[in-house]
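Close look at the chain arrangement
Residues per chain are reported as follows:
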Amino acid sequence: MTTSSTSSSGTDTGPESVPFVTQATVVLPAWLTDDAARYRGVYPTSEDRMAVAVEVARRNVDERTGGPFGAVIVELESGRLVSVGVNRVIEQNAAFAHAEMLAFLMAGRAVENFDLGADDLPAMQLVTSAEPCAMCLGTIPWSGVRSVICGARDADIRDIGFDEGAKPRDWIAKLNARGIAVEVDVLREDAIAVLQQYAASGSIIYNSRGSSA
């Protein structure tokens, strides 16, 4: 077995050194870029908005471009779509590349502001095909969105083997206490169908190392 060593100055002297990466780009699937015009528009109801999140999650599975999760950011009052995200963890070699995280990223770039709750912006809403994992849940308050809509439940995701992380059981109440409204079970059965489709396809259930709820 070949090993590598590092000197006291931090120089890797072994033959198996890993590149020191200083720049990375996260890219959404080509089909989403090609069909961008299809998703632009105004979605008046919670069901309309969730239908988009579930559709892109299903397309992500069909095209084998990522995990069975989709998310959109919309203007809360008007329903105008701001951004779309799908799960790209495996394809981008990025543990953080969940649908919600990419929707936040793309929305920030679209409005040119890291804070989606900035005073000069309309109130924003996150619509996600499944309840957020521990990471995405932690990001929601910092993102600035004022409302969250979820499709499939945490238990539905865990049922097919995904590790959602250690989340507080009263996470909805905690978001409510921050002034963030939460609506659950919107098109839940449709979202569950996408999860089950992914599991049946034999695709990777990544990072499934176990956790407590």
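Residues numbered from 1 in each chain as written. Predicted model: local features only at pLDDT ≥ 70, side-chain atom pairs only at ≥ 80, totals over all residues. Heavy atoms only, no water.

Some remarks on the overall build of the protein
- When you go through the protein residue by residue, the secondary structure sums to nine helices and five strands.
- If you list the helices and strands of the protein from N to C, you get α-α-α-β-β-α-α-β-α-β-α-α-β-α.
- Whereas a compact globule of 213 residues would reach a radius of gyration of roughly 17 Å, the protein reaches 19 Å, a difference of no more than 12%.
- Taking the principal axes of its C-alpha atoms as reference, the protein extends roughly 60 × 40 × 40 Å.
- A sequence separation of at least 24 residues applies to 65% of the contacts in the protein between residues at least 6 apart.
- When the accessible surface of the protein is totalled, it reaches about 11000 Å², and 50% of it is carbon and sulfur.
- Computing the positive centroid from 18 side-chain charges and the negative centroid from 28, the protein places the two 2 Å apart. (Helix = DSSP H or I, 4+ residues; strand = E, 2+ residues; numbered from the N terminus. Rg over C-alpha atoms; globule rule 2.2 N^0.38 Å. Contact = heavy atoms within 4.5 Å. Areas by Shrake-Rupley, 256 points an atom, 1.4 Å probe, with all protein chains shown as cover. Lys, Arg positive; Asp, Glu negative; His and termini not counted. Charge placed at Lys NZ, Arg CZ, Asp CG, Glu CD.)

Section: the environment of A181
- Tracing the backbone through its elements, the reader meets A181 in strand β5 (residues 181-183).
- Considering only alpha carbons, one finds A181 and V148, 33 residues apart in sequence, at a separation of 6.2 Å.
- In contact with A181, not counting residues within four places along its chain, are R146, S147, V148 and N176.

Thoughts on the packing of aromatic side chains
- Summed over all chains, the structure comprises three aromatic pairs.
- Seen from their ring centres, F162 and Y206 are 5.1 Å apart, and the 70 degrees between their planes marks the pair as edge-to-face. With F162 in the loop between α7 (154-159) and α8 (171-177) and Y206 in the segment after α9 (188-200), this residue pair connects regions lying 44 residues apart in the sequence.
- On the basis of relative accessibility, which here comes to 5%, the residue F162 falls in the buried class.
- Residue Y206 is classed as buried on the basis of its relative accessible area of 10%.
- Taken together, the ring pairs in this structure connect F69, F162, Y198 and Y206 into an aromatic cluster.
- Against the face of W171 rests K167, its NZ or CZ located 5.0 Å from the ring centre. (Phe/Tyr/Trp six-rings, centres within 6.5 Å; stacked < 30°, edge-to-face > 60°. Buried < 20%, exposed > 50% of the residue type's maximum accessible area, 1.4 Å probe, protein only. Lys NZ or Arg CZ within 6 Å of the ring centre and 35° of its normal.)

Points about the packing of helix α3 (residues 46-62) against α9
- Two elements in contact, α3 and α9, have axes separated by 10 Å at closest approach and are oriented at 10 degrees. Between α3 and α9, the angle falls in the class roughly parallel. Contact with α3, carried on its side by V54, A57, R58, V61 and D62, involves D190, A191, V194, Q197 and Y198 of α9 and no other residues of that element.
- Class assignment for the residues of the contact of α3 with α9 results in six nonpolar, one polar and three charged. (Axes fitted to C-alpha atoms, helices over the stretch in contact; angles between N-to-C directions. Parallel < 35°, antiparallel > 145°, perpendicular 65-115°, else oblique. Nonpolar A, V, L, I, M, F, W, Y, C, P; charged D, E, K, R; others polar.)

Looking at the nonpolar core
- F69, I73, F104, L126, I140 and V145 are the most contacted members of the largest nonpolar core, which totals 57 residues.
- With seven residues, the top contributor of residues to this core is α3. (Core = buried A, V, L, I, M, F, W, Y, C linked by side-chain atoms within 4.5 Å.)

Details of the sheet that holds β5
- Read from one edge of the open sheet, five strands run β2-β1-β3-β4-β5, paired in mixed fashion. Among the strands making up the open sheet, the edge pair consists of β2 (81-86) and β5. Taken pair by pair, the neighbouring strands of this sheet meet at an average axis angle of 15 degrees, ignoring direction.
- The pairing of strand β3 (residues 124-130) with strand β4 (residues 147-152) spans five bridges and is parallel. (Pairing = 2+ DSSP bridges.)

Digging into the confidence of the model for the protein
- Per-chain confidence: the protein averages 91 in pLDDT, with 90% of residues scoring 70 or above.
- In the predicted structure, residues 1-7 sits below a pLDDT of 50 and forms 14 contacts with residues beyond four places in sequence or in another chain. (pLDDT = per-residue confidence, 0-100.)

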